[in-house]
Amino acid sequence: MKKVYIETMGCQMNKSDSERIVGMLSHFDYEECTNPREADLLIVNTCSIRQLSANKAYSQIGVWGKWKRHRPIKIGFCGCVAQQDREGLMKRFPYLDLVFGTHNIYELPELIKRVEAGEQVCAITEIPYKTDETQYKIERKGNLNAWIPIIEGCNNFCTYCIVPYTRGRERSREMDVIIDEAKKAVAQGFKEITLLGQNVDSYGKDFKDGKTTLANLLRELNKIEGTFRIRFVTSYPTDITDDLIDAVDECDKVCKYFHIPMQSGNSEVLKKMNRRYDREQYKSIVEKIRKRFKHVTITSDFIAGFPGETEEQFQDTLSAIKELQLDYSNTAAYSPRERTVAAKWTDKFLSEEVKYERLERLNEVNKEACIESNKRFVGEVLDVLVEDVKVRDGKRIITSRAGNNKIVHFESETAQIGDFANVKIEKASMWCVKGTQV
Ligand code: SAH
Ligand code: SF4
Ligand code: F3S
């Protein structure tokens, strides 16, 4: 067996892609290794969401490039930076053996043969490579959570975002294929299925049949027998339909958790971002969800220092987190991305100092919101899945995750990884809660 090492950067979609890449390579006598120094083939699966993420990818292959002087290794570069930079990558990093885009993952079996024959290969197309994906294994990481992509790409073209350029237009996968993958994962013992998409709630729109929707997919998946739970990320605020909320309510296996990026708390900024909602609309969606589910959490993403954002407009972001009691938010300073609309508004760019100072304040407010959120669960009983067990001072300390995504610690003599349990919350800290099994 030859050895492949894959370094995965970026979002869950990339993590899922990496599992599929390793799965495909396993049909060609490659097995995954965890030590890059032992690998025959090294692949970096890259993220382009911010300049920092892209730079991480470049420095990684810089390191591997030096190893090539001493060992006959092959180096591959894929993911969103590959799709963005294209042939330029080979010129800039001549020691790359293989570059492939996000649309070319399933072309890998053919590409790898050419690479092994000594060719330098670059495969990046605008159109997804068509094949029967079900013929290949998926080498899933761990044994608790199984990622299942349900929709790829994005049609929204938010003015700051690179994803529509790196992932192409929205393409939903057939419901049957998804259900089949989920059944296999459950049969293999996975306890959680996470449905993935840049906008999961757009699922099925491209089929135009009215039946292929995220709500109906959840209903179908909920029928699969076994003890497991279902999650879905990421939701676009205005694509969350009443039917979806009904389905989440009806389906006992579906976690009461929504990740709904707001991006900014100011309606003017939202318009400039080309988000299709304003502050009030976002607020009404959050309120609708909170009214429906007792222990629901709602998490979000925010960008600080979007071009032209005033201090007053930024204050609206801070106040939105507090007013809507958002349970947790991912935060980032605006990073201009080539080809996107906002990247051309250079006269409106804010200085790095202003952006990072705002980001710091945003993070402070986010921290307070997290503590407040955790405090709200003191006295409540949460349904958790055990993820880790550690022995400290003779006591077994359990790390688990609730359906609503809270990290929950408790002590137990017996609980094992993969067990479900109910825990009464007694103490809240910033990033987790503690309780007792009931
Ligand atoms: N599809 C999801 C988000 C995908 S990208 C949605 O629509 O919400 C993940 C997050 O990265 C975004 O929510 C945004 O907050 C952040 N992001 C995207 N482009 C960015 C940029 N140019 N600069 C800073 N943050 C960015
Ligand atoms: Fe990017 Fe907007 Fe698409 Fe999300 S919805 S992936 S932020 S373009
Ligand atoms: Fe990054 Fe691509 Fe995901 S840009 S966030 S890896 S879709």
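Remember, it's a predicted structure, so these values are computed and weren't measured experimentally.

Each value, and the rule that gives it
- Residues numbered from 1 in each chain as written.
- Chains lettered and ligands numbered in written order.
- Predicted model: local features only at pLDDT ≥ 70, side-chain atom pairs only at ≥ 80, totals over all residues.
- Heavy atoms only, no water.
- Helix = DSSP H or I, 4+ residues; strand = E, 2+ residues; numbered from the N terminus.
- Rg over C-alpha atoms; globule rule 2.2 N^0.38 Å.
- Buried < 20%, exposed > 50% of the residue type's maximum accessible area, 1.4 Å probe, protein only.
- Areas by Shrake-Rupley, 256 points an atom, 1.4 Å probe, with all protein chains shown as cover.
- Lys, Arg positive; Asp, Glu negative; His and termini not counted.
- Charge placed at Lys NZ, Arg CZ, Asp CG, Glu CD.
- Salt bridge = Lys/Arg side-chain N within 4 Å of Asp/Glu carboxyl O.
- Near = heavy atom within 4 Å.
- Nonpolar A, V, L, I, M, F, W, Y, C, P; charged D, E, K, R; others polar.
- Phe/Tyr/Trp six-rings, centres within 6.5 Å; stacked < 30°, edge-to-face > 60°.
- Lys NZ or Arg CZ within 6 Å of the ring centre and 35° of its normal.
- Axes fitted to C-alpha atoms, helices over the stretch in contact; angles between N-to-C directions.
- Parallel < 35°, antiparallel > 145°, perpendicular 65-115°, else oblique.
- Left-handed = near helix turned anticlockwise from the far one by under 90°.
- Contact = heavy atoms within 4.5 Å.
- Pairing = 2+ DSSP bridges.
- Domains from an automatic or database assignment.
- Buried area = accessible area lost by both parts, 1.4 Å probe.
- Expected span 1.5 Å × (residues − 1).
- Arc of directions from axis to C-beta.

**Describing the overall build of the protein chain**
Okay, so step 1: Each helix and strand counted, the protein chain has 13 helices and 18 strands in total.
Okay, so step 2: Since a compact globule built from 438 residues should have a radius of gyration of about 22 Å, the 22 Å found for the protein chain is in line with a globular shape.
Okay, so step 3: Viewed in the frame of its principal axes, the protein chain has a C-alpha envelope of about 65 × 60 × 55 Å.
Okay, so step 4: A total of 438 residues make up the protein chain; the buried ones form 54% of that total.
Okay, so step 5: Surface accessibility of the protein chain: about 19,800 Å² in total, with carbon and sulfur atoms responsible for 49%.
Okay, so step 6: Between the mean site of the 68 positive side-chain charges and the mean site of the 67 negative ones, the protein chain shows a separation of 2 Å.

**Brief notes about the pattern of salt bridges**
Okay, so step 1: In the structure shown here, the tally under the stated rule is 38 salt bridges.
Okay, so step 2: Here Arg231 makes a salt bridge to Glu192, at a shortest N to O gap of 3.3 Å. You can see Arg231 sitting in strand β10 (residues 229–233) and its partner Glu192 sitting in strand β9 (residues 192–197), a full 39 residues away along the chain. Each member of the pair Arg231 and Glu192 is classed as buried.
Okay, so step 3: Its salt-bridge partner being Glu309, residue Arg358 comes within 2.9 Å of it at the nearest N-O pair. Here Arg358 is found in helix α13 (residues 352–376), whereas its partner Glu309 is found in the loop between β12 (297–304) and α12 (311–323), with 49 residues between them in sequence. The pair Arg358 / Glu309 is uniform in exposure class, with both members buried.
Okay, so step 4: A cluster of three or more residues bridged by salt bridges with shared partners is formed by Glu19, Arg20, Glu133, Arg140, Arg173 and Glu181.

**What about the site of ligand 2?**
Okay, so step 1: Around ligand 2, the neighbouring residues are Cys154, Asn156, Phe157, Cys158, Tyr160, Cys161, Val163, Pro164, Gln198, Asn199, Tyr236 and Arg275.
Okay, so step 2: A per-class count over the shell around ligand 2 returns eight nonpolar, three polar and one charged.

**Some thoughts on the site of ligand 3**
Okay, so step 1: Within the structure, ligand 3 sits among Cys11, Asn14, Cys47, Ser48, Ile49, Cys80, Arg167 and Gln198.
Okay, so step 2: Split into classes, the residues belonging to the shell around ligand 3 amount to four nonpolar, three polar and one charged.

**A look at the packing of aromatic side chains**
Okay, so step 1: Per the stated rule, a full pass over the model turns up 14 aromatic pairs.
Okay, so step 2: For the pair Phe258 and Phe293, a centre-to-centre distance of 6.1 Å together with 35° between the ring planes defines the contact as tilted. Taken together, the residues span a long stretch of sequence, with Phe258 in strand β11 (residues 257–259) and Phe293 in the loop between α11 (279–292) and β12 at a distance of 35 residues. By the burial criterion, Phe258 is buried, and Phe293 matches it.
Okay, so step 3: The structure contains a cluster of three or more aromatic residues connected by ring pairs, namely Tyr160, Phe306, Tyr334, Trp345 and Phe349.
Okay, so step 4: For Arg92, the ring lying beneath its charged end belongs to Tyr58, and the centroid distance is 4.1 Å.

**Concerning the packing of helix α9 (residues 242–250) against α11**
Okay, so step 1: Axis separation between α9 and α11 bottoms out at 11 Å; the angle between their running directions is 25°. Classified by the angle their axes make, α9 and α11 are roughly parallel. Along this stretch, α9 crosses α11, giving a crossing that reads as right-handed. Residues Asp242, Ile245, Asp246 and Asp249 of α9 touch α11, and the partners they reach there are Lys288, Ile289 and Arg292.
Okay, so step 2: Residue classes in the contact of α9 with α11 are distributed as two nonpolar, no polar and five charged.

**Focus on the sheet that holds strand β15 (residues 395–402)**
Okay, so step 1: Taken together, five strands build a closed barrel; the order of strands is β14-β15-β16-β18-β17 and the barrel is mixed. Each adjacent strand pair in this sheet contributes to an overall mean axis angle of 50°, direction not counted.
Okay, so step 2: Alignment of strand β17 (residues 420–428) against strand β18 (residues 433–437), held across five bridges, turns out to be antiparallel. Bridge assignment links Ala428 to a residue of β18, and that residue is Val433.

**Some points on the domain arrangement of the protein chain**
Okay, so step 1: As far as domains go, the protein chain holds domain 1 (2–123), domain 2 (133–375) and domain 3 (381–437).
Okay, so step 2: For domain 1 versus domain 2, the separation of C-alpha centres amounts to 27 Å.
Okay, so step 3: Across the interface of domain 1 and domain 2, roughly 2,700 Å² is buried in total on both sides, 53% from carbon and sulfur atoms.
Okay, so step 4: Three residues stand out in domain 1 for area buried against domain 2, namely Met13, Glu19 and Arg20, and they jointly supply 27% of the buried area on that side.

**Topic: the pairing of strand β16 (residues 407–411)**
Okay, so step 1: Relative to β16, β15 runs antiparallel, the two sharing five bridges. Note that in β16 the partner of Arg401 across the bridge is Ile407.
Okay, so step 2: Between β15 and β16, which pair antiparallel one after the other, the connecting turn spans four residues, and Asn405 there sits at a positive phi close to 80°.
Okay, so step 3: Strand direction decides the pairing type here: β16 and β18, joined by three bridges, are parallel. Bridging across to β18, Val408 finds its partner in Val433.

**A look at α11**
Okay, so step 1: In this model, α11 (14 residues) spans 20 Å end to end at C-alpha, consistent with the 20 Å of a helix rising 1.5 Å per residue.
Okay, so step 2: Of the residues making up α11, those classed as buried are Arg279, Tyr282, Ile285, Val286 and Ile289. Seen along its axis, α11 keeps its buried residues to an arc of 135°; they face one direction. With respect to the buried face of α11, the exposed residues turned more than 90 degrees away are Glu280 and Lys291.

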